[in-house]
Amino acid sequence: PRIAGREREGDDEYTELLMIVRHHQKLTSQRTAAGNRIHAAAGILFPGILESDATDITPLGNASLDILDKLSVYRVKRMSCEQLVKWLKRHKVINAAVQAQKLKQLAARAIQPSEQKERANRTIMEDLVAQYRLLSSQIDRCLGKMAGLLRQTPHWLLTTIDGIGVSTAAQM
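Residues numbered from 1 in each chain as written. Predicted model: local features only at pLDDT ≥ 70, side-chain atom pairs only at ≥ 80, totals over all residues. Heavy atoms only, no water.

1. Digging into the environment of Asn121
As for its position among the elements, Asn121 is in helix H6 (residues 115-150). Taking the C-alpha atoms as reference points, Asn121 and Lys104, 17 residues apart in sequence, are found 19 Å from one another. Setting aside its immediate chain neighbours within four residues, Asn121 contacts Ile44 and Leu45. (Helix = DSSP H or I, 4+ residues; strand = E, 2+ residues; numbered from the N terminus. Contact = heavy atoms within 4.5 Å.)

2. Details of the nonpolar core
One finds Ile38, Leu88 and Leu103 to be the most contacted residues of the largest nonpolar core, which totals 47 residues. Broken down by secondary-structure element, the contributors of at least two residues to this core are helix H1 (13-45), helix H2 (62-70), helix H3 (73-78), helix H4 (81-90), helix H5 (96-109), H6 and helix H7 (166-171). The leading source of residues in this core is H6, at 10 residues. The residues contacting Leu103, other than those within four sequence positions of it, are Phe46, Ile49, Thr55, Ile67, Val76, Leu84 and Leu88. (Core = buried A, V, L, I, M, F, W, Y, C linked by side-chain atoms within 4.5 Å. Buried < 20%, exposed > 50% of the residue type's maximum accessible area, 1.4 Å probe, protein only.)

Below you can see the structure in the form of structure tokens.
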């Protein structure tokens with residue numbers, strides 16, 4: 001910003017970096033909240049789906065988000081095991097045959113909601129997953145911006161130390 005034809009003191013790449021770091025922190029906090037809402041909704045829509053001892057699918061990873069976004073207890077119950085394995089393979093689920101069996105077992109134990117509740121829950125979950133994915137892409141974009149700004153400062157050398165990534169170095 002310019003004031004009367006000159007830049008304000010302190011408005012440099014460090015100020016910009018600080019603003020982007022704060023934005024990144026807010027986005028990360030929002031994504032955590034969205035993930036918590038997904039966990040709560042998943043407990044209703046497809047109980048056990050995000051529990052690590054029930055399936056080996058990483059909670060809130062792409063595969064689990066795809067499952068939550070597109071499948072439900074009702075859909076898994078209706079699909080043959082072969083159809084489910086194909087679907088899981090298309091969505092890059094590791095050990096698709098084993099995971100299909102586990103999902104079928106979870107679906108068999110779950111109490112199926114009414115058709116109306118099923119539709120409402122699907123809408124809610126689709127929105128939550130879309131929100132989570134949007135926040136993730138915004139966080140990735142922020143990290144790219146932080147990396148670019150960090151390269152303009154001597155602090156980029158911090159990223160050569162094991163365990164210090166862009167986010168940590170930018171906050172220092």
